[in-house]
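Remarks on the overall topology
The primary structure of each chain is shown beneath.
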Amino acid sequence: MGNRNLPLSLCPSPQKCTQRIRSVGNAQREKSIHGGKKDKLMKIPVIDMCDCEDCQTCLDLCPSVFRRNELGYIEIIEMAEYPQEEVEECMKNCRTQCISWEEV
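Residues numbered from 1 in each chain as written. Predicted model: local features only at pLDDT ≥ 70, side-chain atom pairs only at ≥ 80, totals over all residues. Heavy atoms only, no water.

Right, let's talk about the nonpolar core for a bit. Core analysis: the biggest nonpolar cluster contains 22 residues, and Ile47, Cys58, Val65, Phe66, Tyr82 and Ile99 have the highest contact counts within it. Elements supplying a minimum of two residues to this core: β4 (43–48), α1 (57–61), β6 (74–76) and α2 (84–93). Excluding residues within four positions of it along the chain, Val65 makes contact with Pro45, Glu75, Ile76, Ile77, Met79, Tyr82, Pro83 and Val87. (Core = buried A, V, L, I, M, F, W, Y, C linked by side-chain atoms within 4.5 Å. Buried < 20%, exposed > 50% of the residue type's maximum accessible area, 1.4 Å probe, protein only. Helix = DSSP H or I, 4+ residues; strand = E, 2+ residues; numbered from the N terminus. Contact = heavy atoms within 4.5 Å.)

Below, the structure written as structure tokens:
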């Protein structure tokens with residue numbers, strides 16, 4: 001698809017944009033360790049849609065985590081755990097550096 005501009009509804013103010021896409025349902029998920037004790041937060045990848053140029057690098061490098069939704073935007077697939085090495089490879093190869101980790 002190449003580069004394309006985001007619709008204004010997704011990014012009304014590119015200079016101050018905080019629009020981030022992440023998988024639904026992970027907002028309060030904690031990782032259980034050793035006997036159900038919940039003391040470690042889970043990291044999920046997020047995409048800053050105002051910076052994303054839709055280059056598809058993440059789709060090519062890590063299709064198990066990134067997909068294109070029915071509206072044509074790249075999104076994060078909901079998972080119990082994310083493959084750290086693969087996601088970080090996408091982060092390194094993203095030309096706009098719009099992929100980052102968020103602790104939830």
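Moving on, we get to the side chain of Asp54. The topology assignment puts Asp54 in the loop between β4 and α1. Residue class for Asp54 comes out buried when judged on its relative accessible area of 5%. Within the local environment of Asp54, its side chain forms a polar contact with the side chain of Arg68, the two groups lying 3.0 Å apart. (Polar contact = N/O pair within 3.5 Å; in protein donor to acceptor, adjacent residues only side chain to side chain.)

So, on to the packing of aromatic side chains. In the structure shown here, the tally under the stated rule is 0 aromatic pairs. Cation over ring: Lys43 sits above Trp101, and NZ or CZ is 4.8 Å from the ring centre. (Phe/Tyr/Trp six-rings, centres within 6.5 Å; stacked < 30°, edge-to-face > 60°. Lys NZ or Arg CZ within 6 Å of the ring centre and 35° of its normal.)

Inspection of the entire model under this criterion finds 4 salt bridges. The salt bridge partner of Glu75 is Arg67, with a shortest N-O separation of 2.7 Å. Glu75 gets classed as buried once you look at its relative accessible area, which sits at 18%. Classification of Arg67 as partly exposed rests on a relative accessible area of 40%. (Salt bridge = Lys/Arg side-chain N within 4 Å of Asp/Glu carboxyl O.)

With that settled, the discussion passes to the environment of Ile99. Here Ile99 is to be found in strand β7 (residues 99–103). Judged by its relative accessible area of 7%, Ile99 falls in the buried class. Ile99 sits 41 residues away from Cys58 along the chain, and the two C-alpha atoms are 8.9 Å apart. Among all residues touching Ile99, those that are not within four sequence positions of it are Val46, Ile47, Cys58, Phe66, Cys90, Met91 and Cys94.

Just distances and angles here, no functional claims.
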